[in-house]
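Survey of secondary and tertiary structure
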Amino acid sequence: MEKTKTVYESEEFRQMLQSASAMKEPPEKDGSLRQAWFLHRCRGIVAGREKELGRKLTFLVVTFGCQMNERDSEKLRGILQMAGFVPSQSEDADFVLYNTCTVRENANVRLYGRLGSLRPFLRKNPSMKIALCGCMMQEKDEIERIRRKYGYVSLVFGTHNLYRFPELLCSCLLSDRQIIDVVDKDDSIVENLPAERTYAFKSGVNIMFGCNNFCTYCIVPYVRGRERSRQPEEILREVEHLAEDGVVEIMLLGQNVNSYGKGLDHEVSFAQLLREVEKVDKIQRIRFMTSHPKDLSEELIEVMKDSAKICPHLHLPVQSGSSRLLKLMNRHYTKESYLDLVRRLRESIPDLSLSTDLIVGFPGETEEDFLETMDLVRQVEYDSAFTFLYSRRTGTPAASMEDQVDEETAHERFDRLLALVQSIGRKRSSRFEGTVQRVLVEEINRQESGLVTGRTPHNLVVHFPGDESMIGTIVDVLLCEAHGFYYMGKRVADAS
Ligand code: SAH
Ligand code: SF4
Ligand code: F3S
């Protein structure tokens with residue numbers, strides 16, 4: 001895949017690194033200066049190993065799960081690169097880090113499969129280090145399993161101490177023992193660590209961490225901790241730096257962006273934050289996820305309606321169309337209030353694209369409940385939808401509910417729902433055929449090198465003739481033919 005890599009380090013961090021390099025001992029106070037000290041130390045260790053081996057040390061970070069994890073991985077890669085490691089395309093690397101997810105059982109199964117497949121590389125390169133971090137590492141049972149069965153894993157850390165990665169990396173490089181450092185709770189937000197961006201022209205920006213909603217099926221609040229928002233000034237500073245660095249599209253990230261700002265000394269709403277972000281000159285497109293329907297305000301609808309930069313696409317997970325199940329899921333809205341919200345959104349933003357998440361087979365789901373979901377999907381006509389089979393997560397309230405749906409019934413419903421969302425999605429996504437859209441060019445087409453691939457504001461994928469020089473620019477493209485979920489197009493200048 002064609003990707004432009006860039007390591008972004010803030011001026012603040014660069015200065016910290018400089019001051020840290022003059023200190024004999026690490027600062028005792030936790031925070032970015034202490035981490036800068038350890039990063040400096042890592043650089044020395046990596047440079048020493050390089051000399052011994054006569055080659056650069058390589059790393060690979062593999063991400064499982066959601067955009068939040070993707071963003072965390074960019075930070076981890078940024079730190080590894082600053083420590084002196086160079087990126088590897090395969091798992092045959094000196095340092096392999098898996099950033100894990102545990103939202104559904106199969107995420108865990110995949111991780112262990114992948115971990116097992118690392119053994120041959122380890123045999124070939126005994127000084128290879130394998131590290132695990134992320135959501136799954138916040139679960140005690142998994143830590144026990146790794147301790148017992150995966151002795152060859154060198155380092156394990158969780159979601160709350162990710163910012164301490166330079167320090168943990170340093171210990172790991174100096175020790176042959178397995179290091180497990182997972183804490184249950186850490187409410188501090190450490191700013192200014194470096195990050196590597198997968199794309200030069202677009203970036204995720206965390207606006208908040210954790211989740212307070214406790215949907216009864218979901219493990220995220222247990223592994224990511226309580227909701228905490230970043231200060232708006234810090235977010236704006238990051239967005240401004242990114243814009244200066246060539247970023248034109250940002251995605252504001254949080255488990256429930258609509259409750260952004262609660263608990264800050266000076267409370268700010270998400271809509272207010274968006275208004276500020278919009279003022280950053282060079283940013284041309286703003287996206288955000290995820291929006292919880294229960295907290296989506298009129299003010300946000302207004303801001304979206306008035307904005308030239310906020311993309312007309314909203315991911316609005318509904319989970320189920322049965323008000324009875326929504327109550328059991330602790331979602332705080334009904335089928336009717338969700339449909340009303342969709343109606344208000346579409347009234348204000350007529351062209352809006354909607355996507356969603358749906359769960360099939362939640363405990364107690366009857367055929368009737370399921371038909372309510374099918375009905376809601378027909379009424380809303382989503383542009384796209386992620387459908388999930390309910391997965392029982394130990395420790396969540398739904399795991400101990402009675403009437404768990406048997407697998408066969410759940411699969412059968414899943415197939416019916418998938419067929420429906422796909423046929424509606426195909427139809428909806430074709431509605432722009434024959435129109436000209438502004439397309440942000442993201443990469444050279446993966447199959448055909450004479451084509452480039454980009455996205456419209458509605459988040460639709462378009463392939464059209466072009467070359468590498470167009471990557472990161474926004475161009476007018478005529479969407480000639482709709483092919484299900486993507487288009488073939490022509491640049492308007494070449495279209496006649
Ligand atoms: N915070 C976001 C979603 C985070 S998890 C939100 O509330 O929308 C992403 C999706 O995974 C959820 O929307 C849900 O559809 C799905 N999911 C979460 N827990 C699940 C479980 N136990 N089984 C199946 N799907 C689940
Ligand atoms: Fe999970 Fe609900 Fe929080 Fe989303 S809002 S992360 S589904 S608990
Ligand atoms: Fe998975 Fe953690 Fe995201 S559990 S979905 S990676 S918040």
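Let us look at the structure shown here. All figures in this text were calculated on a predicted structure; none of them were measured in a lab.

So, the site of ligand 3
Around ligand 3, the neighbouring residues are Gly 65, Cys 66, Asn 69, Cys 101, Thr 102, Val 103, Cys 135, Arg 224 and Gln 255. Classifying every residue of the shell around ligand 3 gives four nonpolar, four polar and one charged.

Side note on the site of ligand 1
Around ligand 1 there are 15 residues in total, and Tyr 217, Gln 255, Gln 319, Asp 357 and Ser 391 lie nearest to it. Note that a nitrogen atom of ligand 1 is positioned 3.0 Å from one of the backbone N or O atoms of Tyr 217. For ligand 1, a nitrogen atom lies 2.8 Å from a polar atom in the side chain of Gln 255. For ligand 1, the accessible surface in isolation is 540 Å², of which the surrounding protein chains cover 90%. Counting only elements with at least two residues in the shell around ligand 1, the list comes to strand S15 (353-360) and strand S16 (384-389).

Things to note about the sheet that holds strand S20 (residues 474-483)
Reading around the circumference, S17-S18-S19-S21-S20 is the order of the five strands in this closed barrel, with mixed pairing throughout. Neighbour-to-neighbour, the strand axes of this sheet turn through a mean angle of 50°, independent of strand direction. Sheet topology places strand S19 (residues 461-465) next to strand S21 (residues 486-491); three bridges connect them, and they run parallel. Bridged to His 463 within S21 is Met 488.

Some details on the nonpolar core
In terms of nonpolar packing, the biggest core is built from 67 residues, with Phe 270 and Phe 288 touching the most fellow members. The residues touching Phe 288, leaving out its near neighbours within four places in the chain, are Met 251, Leu 252, Val 257, Phe 270, Leu 274, Leu 300, Met 304, Ile 310 and Leu 314. Listed in part, the 36 residues of the second largest apolar core include Phe 95, Leu 162, Leu 169 and Cys 172.

Cut-off values and rules
- Residues numbered from 1 in each chain as written.
- Chains lettered and ligands numbered in written order.
- Predicted model: local features only at pLDDT ≥ 70, side-chain atom pairs only at ≥ 80, totals over all residues.
- Heavy atoms only, no water.
- Near = heavy atom within 4 Å.
- Nonpolar A, V, L, I, M, F, W, Y, C, P; charged D, E, K, R; others polar.
- Polar contact = N/O pair within 3.5 Å; in protein donor to acceptor, adjacent residues only side chain to side chain.
- Areas by Shrake-Rupley, 256 points an atom, 1.4 Å probe, with all protein chains shown as cover.
- Helix = DSSP H or I, 4+ residues; strand = E, 2+ residues; numbered from the N terminus.
- Pairing = 2+ DSSP bridges.
- Axes fitted to C-alpha atoms, helices over the stretch in contact; angles between N-to-C directions.
- Core = buried A, V, L, I, M, F, W, Y, C linked by side-chain atoms within 4.5 Å.
- Buried < 20%, exposed > 50% of the residue type's maximum accessible area, 1.4 Å probe, protein only.
- Contact = heavy atoms within 4.5 Å.

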